[in-house]
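Observations on chain architecture
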Amino acid sequence: MKILVGYKRVVDYNVRIQVKPDGSGVVTDGVKLSANPFDDIALEEALRLREKGVAEEVIVVGIGPANLTAHLRNGLAMGANRAIHVTTEDAVQPLTAARVFLKLIEKEQPGLVILGKQAIDDDANQTGQMLAALWDRPQATFAGKVEIADGKATVTREVDAGLEVIEAELPAVITTDLRLNEPRFIKLPDIMKAKSKPIDLIEFGSLGVEAHDHLKTTHYAAPAKRSKGVMVKDAAELVAALKQKGLL
Amino acid sequence: MSKILVIAEHLGGKLNASTARAVSAAAAVKGEAIDVLVLSDAPDAVAAEAAKIEGVNRVLTVTRPENAHPLAAMLAPQIAKAADGYSHVFAPSTTFGKDVAPRVAALLGVAQVSDVMSVEAAHTFKRPIYAGNAIITVEADANHTVVATIRTASWSAAASGTNTAPVEALAIDVPLPTHTRFVELNQGSSDRPDLQSASKVVSGGRGVGSKENFDIIYKFADKIGAAVGASRAAVDAGYCPNEMQVGQTGKIIAPELYMAIGISGAIQHLTGIKDAGTIVAINKDGEAPIFEVADFGLVGDLFKIIPELEAALG
């Protein structure tokens, strides 16, 4: 079985995001970029399934500009067998990303597609679900535990009410939650090995994917700031203050 | 004119409070009608609750055995069919809505607006990106159905009680897949208020130190009638279950009172609480970022302070 893994590059989660003064975007020049944390978890899960013998091949997929190749090399260094780089200079919205994945699925015929539940830049939380719909296959979102046996995935999902368990026949789409696993660190020899692993370049335009964006972002703003409050000296003063506001 | 279809979230025959918040967002579109869609194997009790929500014109029910559990693969084709004739389809931005709405959007071939904070016009919305560190204004194409999830913390629940919207059964006979099956739901049993709708929330973080120590948080929360939440660090460390996590990837909440105890305040956590009315921070590290957003801060040992708070409450 092949596993396709979405491997998006985003602004590192430790970076404090600044909105440009003219409201045209956020500052990304000179800002550290990293793998979307949920995608590292997706890749780790795929690698563990390969190590267990459930899968033979793990393919990382990225959609983006030419310099995305270096990022995909990190996925290869982490352990993916090969990478597919769909090249485009344009930003890609979730529905378009899902359509790209569908094209790659037609070509690669994977048994499983694992994506992060959301990317921490646009926080959309859509691509996996959209892909499952277009592919007409099961989706198991917000996965906290995955077991594959007898042609199906048994997935424990982290939902608001607690933990939900569902069964999904393969092929299926799984999206990862935070506690699915702890991704491994990349070791130096693996970086050397990754240099010889193949990266297929596919021109976005050659896929025949419709890329009309229904959503236009017209303005970026900094969020309303909470003003800094007061420090109280002890528990009694705190209780008195909260009682005065009618909160206790 | 706009017609909005709101997807009801429910569990165990009860309507989830997030539905009435989505109705508030629907009302902000200022359209001609708001209908609520209840998909269930036995929708009557939920539909009756939804019919009481102010601003709802009709409640539509789809009764099928496949709707006994909220599986996106089952619900989405029915919602996509029911969406015919509506300009907008709204669902709450809970794990239920986040799971099903994009599947509906893809079936309709349209984009989705996630986590709507405000409705600026019928096709213009504000939503957070980068864990709420930037707010964008997005315009959806007016020629297509708008599928959106509603950031529940940004909307108060539409009033309930006086409305008597008619309940109508819909027959939606789209074929449903058999490739996805519900197995079980393991819910934490608790008599405490629901974290997402509670007016008071007490949360514990890594500073609480252990699962056993978390009892001090539960006990204090019970004393003031609060729901209990936790930081990601506390959940990751196994102090409490996943459904208690508050933050960017957990629950986004807006209680009147939020008490963060032993929580340092990573930006991912602050994202989940910044709409709270009053934030109280108790932490032994006076430099912790949580104090930057707290209305009231108290530096000290939580194991000493909590008993003192209980004593001061009498």
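Fair warning: this is a prediction, and the values are worked out from it, not measured in the lab. (Residues numbered from 1 in each chain as written. Chains lettered and ligands numbered in written order. Predicted model: local features only at pLDDT ≥ 70, side-chain atom pairs only at ≥ 80, totals over all residues. Heavy atoms only, no water.)

When its secondary structure is counted, chain B shows nine helices and 18 strands. For chain B, whose C-alpha radius of gyration is 21 Å, the value lies close to the compact-globule estimate of 20 Å for 314 residues. Within chain B, buried positions represent 61% of all 314 residues. Taking the 25 positively charged and 33 negatively charged side chains of chain B as two groups, their mean positions are separated by 1 Å. (Helix = DSSP H or I, 4+ residues; strand = E, 2+ residues; numbered from the N terminus. Rg over C-alpha atoms; globule rule 2.2 N^0.38 Å. Buried < 20%, exposed > 50% of the residue type's maximum accessible area, 1.4 Å probe, protein only. Lys, Arg positive; Asp, Glu negative; His and termini not counted. Charge placed at Lys NZ, Arg CZ, Asp CG, Glu CD.)

Here we take up the interface of chain A and chain B. Note on interface size: it is often stated as the accessible area lost on association of the parts. Tallying the contact residues gives 76 residues for chain A and 87 residues for chain B. Across the chain A to chain B interface the summed buried area is about 6900 Å²; carbon plus sulfur atoms make up 56%. The largest contributions to the chain A side of the interface with chain B come from D160, H214 and R226 of chain A, which together make up 12% of the buried area. Joining chain A to chain B, the criterion identifies six salt bridges. Between R181 of chain B and E169 of chain A there is a salt bridge, and its shortest N-O distance comes to 3.1 Å. Our count for the chain A to chain B interface comes out at 42 residue pairs in polar contact (both at pLDDT 80 or more). (Contact = heavy atoms within 4.5 Å. Buried area = accessible area lost by both parts, 1.4 Å probe. Salt bridge = Lys/Arg side-chain N within 4 Å of Asp/Glu carboxyl O. Polar contact = N/O pair within 3.5 Å; in protein donor to acceptor, adjacent residues only side chain to side chain.)

So, on to the domain arrangement of chain B. Residues and elements named next belong to chain B. Structurally, chain B comprises domain 1 (3-169) and domain 2 (200-313). Distance from the C-alpha centre of domain 1 to the C-alpha centre of domain 2: 31 Å. Summed over both sides, the interface between domain 1 and domain 2 buries roughly 620 Å², with carbon and sulfur atoms accounting for 42% of that surface. Of all residues in domain 1, the largest losses of buried area upon contact with domain 2 belong to A131, R151 and A153, amounting jointly to 69% of the total for that side. In this assembly, domain 1 and domain 2 are joined by one salt bridge. D275 serves as the salt-bridge partner of R151, at 2.6 Å between the closest nitrogen and oxygen. At the junction of domain 1 and domain 2, the tally comes to three residue pairs in polar contact (both at pLDDT 80 or more). Its residues assigned to classes, the side of domain 1 that touches domain 2 shows two nonpolar, four polar and one charged. (Domains from an automatic or database assignment. Nonpolar A, V, L, I, M, F, W, Y, C, P; charged D, E, K, R; others polar.)

Okay, the packing of helix 3 (residues 94-108) of chain A against helix 4 (residues 127-135) of chain A next. A pair of packed helices is characterised by two quantities: the angle between their axes and the separation of those axes. Residue and element names in this part refer to chain A. Taken N-terminus to C-terminus, the directions of helix 3 and helix 4 make an angle of 50 degrees; their axes are 8 Å apart at the nearest point. With respect to helix 4, the axis of helix 3 lies oblique. Crossing geometry of helix 3 relative to helix 4 is assigned as right-handed. Contacts between helix 3 and helix 4 involve P94, L95, A97, A98, R99, F101, L102 and I105 from the former and T127, M130, L131, L134 and W135 from the latter. (Axes fitted to C-alpha atoms, helices over the stretch in contact; angles between N-to-C directions. Parallel < 35°, antiparallel > 145°, perpendicular 65-115°, else oblique. Left-handed = near helix turned anticlockwise from the far one by under 90°.)

This next bit is on the packing of helix 5 (residues 215-224) of chain B against helix 9 (residues 302-313) of chain B. Residues and elements named next belong to chain B. Relative orientation of the contacting elements helix 5 and helix 9 amounts to 20 degrees, with a least axis distance of 11 Å. Viewed along their axes, helix 5 and helix 9 adopt a mutual orientation that is roughly parallel. Read as a crossing pair, helix 5 and helix 9 show a hand that is left-handed. Residue-level inspection shows I216, I217, K219, F220, K223 and I224 of helix 5 in contact with helix 9, the latter providing L302, F303, I306, P307, L309, E310 and L313. Of the residues assigned to the contact of helix 5 with helix 9, the class counts are ten nonpolar, no polar and three charged.

This part covers the sheet that holds strand 4 (residues 33-40) of chain B. All names here are of chain B. Taken together, seven strands build an open sheet; the order of strands is 7-11-6-1-4-5-12 and the sheet is parallel. If you trace the sheet from one side to the other, it starts and ends with strand 7 (112-116) and strand 12 (167-169), each paired once. The mean angle between the axes of side-by-side strands here comes to 25 degrees, regardless of whether they run parallel or antiparallel. Looking at chain direction, strand 1 (residues 3-7) and strand 6 (residues 88-92) are connected through three bridges and run parallel. Bridged to L5 within strand 6 is V89. (Pairing = 2+ DSSP bridges.)

Tracing the backbone through its elements, the reader meets Q245 of chain B in the loop between helix 6 (232-236) and strand 16 (257-261). Separated by 2.7 Å, the side chains of Q245 of chain B and R179 of chain A make a polar contact.

In this section: the UniProt feature "domain: Electron transfer flavoprotein alpha/beta-subunit N-terminal" (unreviewed entry) in chain B. Feature annotation in UniProt places "domain: Electron transfer flavoprotein alpha/beta-subunit N-terminal" (unreviewed entry) on residues 4-186 of chain B, given in this structure's numbering. Taken end to end, residues 4-186 of chain B is 24% helix and 35% strand, and its two terminal C-alpha atoms sit 33 Å from one another. (UniProt positions renumbered as here; feature names shortened; annotations may be inferred.)

Residues and elements named next belong to chain B. Of all six residues in strand 9 (residues 124-129), five are buried; the element is thus mostly enclosed. Across three bridges, strand 8 (residues 118-121) lies against strand 9 in antiparallel orientation. When the sheet's bridge partners are listed, V119 is paired in strand 9 with F125. Once strand 8 ends, the chain turns through two residues before running back antiparallel as strand 9. Once strand 9 ends, the chain turns through four residues before running back antiparallel as strand 10 (residues 134-140), passing Y130 with a positive phi of about 45 degrees.

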